[in-house]
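So the chains spell out like this:
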Amino acid sequence: MDRIELLKNRRAKLLEAGKETRSKIAELIDADSFVELSSYSFSKNEFYGEGAEGEGVITGYATVEGNPCCVVAQNGKVLSGGVSKANCDKICKTLNYARNNAMPVIYLLDTKGVQIGEGVAVLEGISSVLNKMGELMGDVPQFAVVDGDCFGSFALVAAACDFTFVTKEACIAYAAPSVIATSKIQKGKNEVGGVAANAKTGVAQFVVENMAEVKSKVAALLDLLPQTGCLVVDSEDDLNRTSPNLNEKVCADCLAKAVFDEGTAIEINKGYADEVACMLGRIGGISAAVIMFKGGENGVELTPCVIDKINDFVCLAEDNGLPIVNFVNAKGISNEYCVSQTGIMRDVANLFYNYSNGTVGKVSVVYGKAVGLGYSLFAAKNMGYDYTCSFANAKIALFDSIEGAYVEFDGVKYDNEQKFAEKYADENQDPINAARGGYIDDIIEPQFVRQYVISALQSIVR
């Protein structure tokens, strides 16, 4: 057989081995844009007694709505979808290519764990992949797409990416669900690592129907991120647009609609710690990371999940050079007993550090409550906020109520009960008191919030 015919036969075998995976890649990328890397890389597995055509992972580069990206796609049909050392080496080679060429990476994950018979070598391989991913953080965005199973150490790849997409049938778990379930109680696959389960872990940031939806969201995110798009563009929305309805009633949803340029807001991790919405979008043409507290009239109490979600988002903004805008309606740490038994104090301390030591610009708008720690974290000037303002009907205070003050000072004798009550009465929690101390730059009418935020962003973004 001549070499050309031999090449054709080998290529046909390779394409057949990765037929389903290549089909998924084709749905995600622009037509005919995929260029494969390390096509014929494979090794022999002693346990299975056979070679892994394509090494169980397809790598290369392509464009997604015109954006150049590297692609790493696991083939769950090769050697039971097992991760091998050679598999990891092939992935690392692609990540080096991505770093050298400043290209985002998209991972299509489909694995049931490591290959049997690899021993410690595969553990070294997994460490090398996670280490390379860490090197890419802050340089290029990384996207994980799980359309099937993702078990074992490679579930950490999904968790380590900037953005993770899962289909409704996907399952992500640090061990096979059968292993986790047999530890104490029996649980089904979806209960252990399905979409609903991962909504409680924060891993499933976007739940999608299909690859077409992934492609659309990836393209939108790439447009917003400074490394791949433009931090500032000409806005097609009215910079001076007002929202008179906000003067009557303010809610998180209507506030987001009022502030963001129309059609640009993308919420991340919807469903996880839903008391807070974390969104990327454009405000006056400027890409921004927005933290929107919900909570209605009561405000949001800080819990481990809330702090975890905000911490991850602040790190995402910092890694990608996006200014942060807080819309504050927050109180202190929840006084529930179960919360007191967690590591929330350390988590809050880490969030303090990430906020105060960040290099991106920060804007804070108090639209509801900024009480106690809710003020210290999300609105205090000493946290490095470039601009802070408050709605006229907001509430900025040390305590949420006179009852809270009494609880805080339990056991202390009050010389004058009436003066104590007056000091912490609602009427003395007016934001004007913070403004008098120079801690709030301005007190505004809610309807003009978009104009004020745009002006602040224009002053801090270069």
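Preceding block: the structure.
Quick caveat, the model's predicted, so the values are computed rather than measured.

Student: Go over the state of the cysteines with me, naming the residues and quoting the values.
Tutor: This structure, assessed with the given rule, holds zero disulfides. Free of any disulfide, Cys-150 has its nearest cysteine sulfur in Cys-171, 9.1 Å distant. Since its relative accessible area comes to 0%, Cys-150 is described here as buried.

Student: Provide a residue-level description of the packing of aromatic side chains, including the pertinent values.
Tutor: Under the definition given, this model contains seven aromatic pairs. One aromatic cluster in this structure is built from Phe-293, Tyr-355, Phe-378 and Tyr-385. Its guanidinium or amino end placed over the ring of Tyr-385, Lys-362 lies 5.9 Å from that ring's centre, counting from NZ or CZ.

Student: I'd like a rundown of unusual backbone geometry, residues and numbers included.
Tutor: Its identity as a non-glycine residue notwithstanding, Asp-32 has a phi of 60°, on the positive side. Its place among the elements puts Asp-32 in the loop between α2 (19-28) and β1 (35-37). Positive phi is not limited to glycine here, since Ala-273 has a value of about 45°. Here Ala-273 shows up in the loop between β13 (266-268) and β14 (276-283). According to the relative accessible area criterion, Ala-273 is buried, its value standing at 11%.

Student: Describe the nonpolar core, naming the residues involved and giving the relevant values.
Tutor: In this structure, Phe-327, Tyr-355 and Phe-378 are the most contacted members of the largest nonpolar core, which totals 97 residues. For Phe-378, the residues in contact, after removing those within four places along its chain, are Phe-293, Leu-302, Ile-310, Asn-326, Val-328, Ala-330, Leu-351, Tyr-355, Ser-364 and Tyr-385. Formed by 32 residues, the second largest nonpolar core is a distinct cluster that contains Val-105, Val-122, Ala-144 and Ile-172.

Conventions and cut-offs
- Residues numbered from 1 in each chain as written.
- Predicted model: local features only at pLDDT ≥ 70, side-chain atom pairs only at ≥ 80, totals over all residues.
- Heavy atoms only, no water.
- Disulfide = S-S within 2.5 Å.
- Buried < 20%, exposed > 50% of the residue type's maximum accessible area, 1.4 Å probe, protein only.
- Phe/Tyr/Trp six-rings, centres within 6.5 Å; stacked < 30°, edge-to-face > 60°.
- Lys NZ or Arg CZ within 6 Å of the ring centre and 35° of its normal.
- Helix = DSSP H or I, 4+ residues; strand = E, 2+ residues; numbered from the N terminus.
- Core = buried A, V, L, I, M, F, W, Y, C linked by side-chain atoms within 4.5 Å.
- Contact = heavy atoms within 4.5 Å.

Any functional reading would require information that these geometric values do not contain.
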